[in-house]
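Overview (structure and organization)
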Amino acid sequence: MSSKVSVALVLPDLLGTYGDFGNAVVLEKRMTWRGIPAEIVTVRYGEPVPDSCEIYVVGGGEDTAQTLAVRHLREHPGMQRAASRGAVILGICAGIQIFGETFTRADQVTHPGLGLLDSTSHAGGSRAIGEVVATPADGLFEGVLSGFENHQGRTVLGPSARPLAHVKVGTGNDGSVEGAVQGRIVCTYLHGPVLPRNPQLADLLIEWATGTKPAPLDLPAVTRLRAERAKAAGV
Amino acid sequence: MSSKLSQKMGLGAGGMIGGRVALKLDPQALAHLTSGRSVALVTGTNGKTTSTMMLSRAVSFLGQVATNHGGANMPDGHVTALSKQPDAPYAVLEVDEGYFPEVCRAAAPAVAVLLNLSRDQLDRVGEVRTIEKSLRTALGSVAGVVVANCDDIMVTSAARDCANVVWVATGTGWHNDAASCPRCGDPIRWEGEHWHCTGCDLARPRPDWVTGDGYLVAPDGEKVALSLRLPGKFNLANAVMATAAAFALGVPVREAVERLRAVSDVAGRYRTIQRSGHRARLLLSKNPAGWSETLTVVREADHPAVLVINAQEADGRDLSWLWDVPFERLRGRRVIASGERATDLAVRLTYAEVEHTIVPDPLKAIDAMPPGAVEVIANYTAFRDLNARAAQ
């Protein structure tokens, strides 16, 4: 057991199409800069998934890669074991789909998901592409949730999952809500990547993983970026 | 007239509007204009413009060549280029990946060159596997020679079923989009330079041409020094692909290499501008694979760097890809983040622990550097606008 907070970057070679590796970097740096020892543990395709990490980050990917990723995560269920003991998990785009009970592709074939999230996903008629602004649900964190979406999937949440945010601009899960939270599992359709754009969400995940609210960390470039993106989205 | 108008309106470099009008008047314009010519098409994610210029130089050994220099690589740009040179018996055209099927049908190419496929402008172009499938279908109907990069899994999958393929080992790799097989989805396994799918029979074909460190090996085993004026490993790859394509059209290898090695400035790329006591080298990079290669090129010296990022429609509006670029390599260097999306870049550089300042105007960013050499790396529209302003 390492004394560092481990951030598992899960299958970046399959689910890393949209720069989502950046989410792991942001978590690691925001901890390291505050004196919390942290490390990124990269789990590539073909390697067993450890169950000992504090945080797991799963990115977006193309259809065939997504199927392969589900197969791998079933064969090596380290992340699911970690989830059952309350590890923090962030799933992006494909993540929200494969974490659910089922996901149905554009070809109408339904695939079983990992069952970590009470949700089902299916292919929507059109691809949702563009800037997203959403209000965090239940006061989960301050400010708005900001990101860029590029997906065809639509997601319906069951009673055990609640939305991450309510959409002001963009599509999200269904045009009304965006993402999902269930225990310490957070899912979102948003790229950008999502954590560089939303340091409050990054710090919430860090707080869950370490049990302590992290000290304030002001990065002027991030503040400026959030203002620019909100303006670009017309908010 | 309309070309002048296009320039006035700031639409591209004047290569578009003439073609757009012609296509409106005659939707078959591309088929008519290519009919009777020997046509080579060049497509792929990176290196299209450079390879097209190299190939057109090489083919000029055989006769006059009509070509779309400068990256106007959609059908209207092709029509404009072909109309300007109605009597040229050869045409060498750079083709946007998305338009390749349409252009291929109209132009019936004697040679199709497929350089590489990696993630690029995911919101506009789509995901790599979608492009691979559409190229595979289009290439299936090509009666001519397909020149393809066998070190690229996506390219190999797209070209493999063609009747007449010439395989080129380029030694260039961006494998992050190809962990799983484009044919069956199973994992790809690498053993040295060889790769094969663990689920189906997709595997690296035996190359006919091989790219070495500064030379090429032709199908007959002859080793020819390249001595290019352009930097970087990816330009060696472009040169060998162009040579193989020229050879397929009938150009002797040494004649092809002698002509293409003289290329030193590709639509403003790689050129050095003198400005306010600075020698600024202008480099274009549009996507993670391109940036990764360019960051290797600028590693040769420790010059300050101006990085210019836009996210207009032609660039792709989603900048998530900035996180796939290994900017960490610039640590310790003097860096300015510039362009319309300088702030997105600044956030990326912050987390890469690269010290930097933000100067959105790239010319002012160059001026802000200490006198001497400066590397300027810009993405598509940022480069285009900077190049136009620098020319004034």
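Under an unreviewed UniProt entry, chain B has the name Lipid II isoglutaminyl synthase (glutamine-hydrolyzing) subunit MurT and belongs to Saccharothrix tamanrassetensis. Under the UniProt heading Function (unreviewed entry), the entry covering chain B gives this text: "The lipid II isoglutaminyl synthase complex catalyzes the formation of alpha-D-isoglutamine in the cell wall lipid II stem peptide. The MurT subunit catalyzes the ATP-dependent amidation of D-glutamate residue of lipid II, converting it to an isoglutamine residue." Under the heading Sequence similarities (unreviewed entry), UniProt records this for chain B: "Belongs to the MurCDEF family. MurT subfamily."

Named according to an unreviewed UniProt entry, chain A is Lipid II isoglutaminyl synthase (glutamine-hydrolyzing) subunit GatD originating from Saccharothrix tamanrassetensis. In its Sequence similarities (unreviewed entry) section, the UniProt entry covering chain A states "Belongs to the CobB/CobQ family. GatD subfamily."

As a further point, take the overall build of chain B. Helix and strand content of chain B: 14 helices and 17 strands. Over its C-alpha trace chain B gives a radius of gyration of 20 Å, about what one expects of a compact globule, namely 21 Å for 392 residues. If one aligns the C-alpha atoms of chain B with their principal axes, the spans along those axes are about 55 × 55 × 40 Å. Of all 392 residues assigned to chain B, the portion counted as buried reaches 57%. When contacts within chain B are restricted to residue pairs at least 6 apart in sequence, long-range pairs at least 24 apart make up 66% of them.

A separate point is the UniProt feature "binding site: substrate" (unreviewed entry) in chain A. Residue and element names in this part refer to chain A. The sites that carry the UniProt feature "binding site: substrate" (unreviewed entry) are, in the present numbering, Arg127. Position of Arg127 relative to the elements: it lies in strand E7 (residues 119-136). Other than its neighbours up to four places away in sequence, Arg127 contacts His151 and Gln152.

Turning to the sheet that holds strand E5 (residues 145-149) of chain B, a few remarks are in order. All names here are of chain B. The strand order across the open sheet formed by 9 strands is E2-E3-E1-E4-E5-E6-E9-E10-E11, and the pairing between neighbours is mixed. In this open sheet, the two strands that pair with only one neighbour each are strand E2 (65-67) and strand E11 (223-225). Direction aside, the axes of adjacent strands within the sheet are offset by 20 degrees on average. Those strands touched by helix H4 (residues 48-59) are strand E1 (38-43), E2, strand E3 (90-94) and strand E4 (111-114), and its axis lies near 170 degrees from that of E3. Those strands touched by helix H6 (residues 100-107) are E1 and E4, and its axis lies near 170 degrees from that of E1.

Residues and elements named next belong to chain B. UniProt marks Cys181, Cys184, Cys197 and Cys200 with the feature "binding site: Zn(2+)" (unreviewed entry), using the numbering shown here. For the residues just named, distributed over 20 residues, the greatest C-alpha separation is only 8.6 Å, placing them together at one site. Mapped onto the secondary structure, Cys181 falls in the loop between strand E6 (165-169) and strand E7 (188-191). The exposure class of Cys181 is buried, given the 21 C-beta atoms found within 10 Å. Not counting chain neighbours up to four residues away, the residues in contact with Cys181 comprise Asp186, Ile188, Cys197, Gly199, Cys200 and Leu202.

Before going further, it helps to examine the pairing of strand E12 (residues 272-275) of chain B. In terms of strand pairing, E12 of chain B meets strand E13 (residues 278-284) of chain B through 4 bridges, oriented antiparallel. Its bridge partner being in E13 of chain B, Arg275 of chain B is matched across the sheet by His278 of chain B.

Quick notes on the rules
- Residues numbered from 1 in each chain as written.
- Chains lettered and ligands numbered in written order.
- Predicted model: local features only at pLDDT ≥ 70, side-chain atom pairs only at ≥ 80, totals over all residues.
- UniProt positions renumbered as here; feature names shortened; annotations may be inferred.
- Helix = DSSP H or I, 4+ residues; strand = E, 2+ residues; numbered from the N terminus.
- Rg over C-alpha atoms; globule rule 2.2 N^0.38 Å.
- Buried ≥ 20, exposed ≤ 12 C-beta atoms within 10 Å, placed from the backbone.
- Contact = placed C-beta atoms within 7 Å.
- Pairing = 2+ DSSP bridges.
- Axes fitted to C-alpha atoms, helices over the stretch in contact; angles between N-to-C directions.

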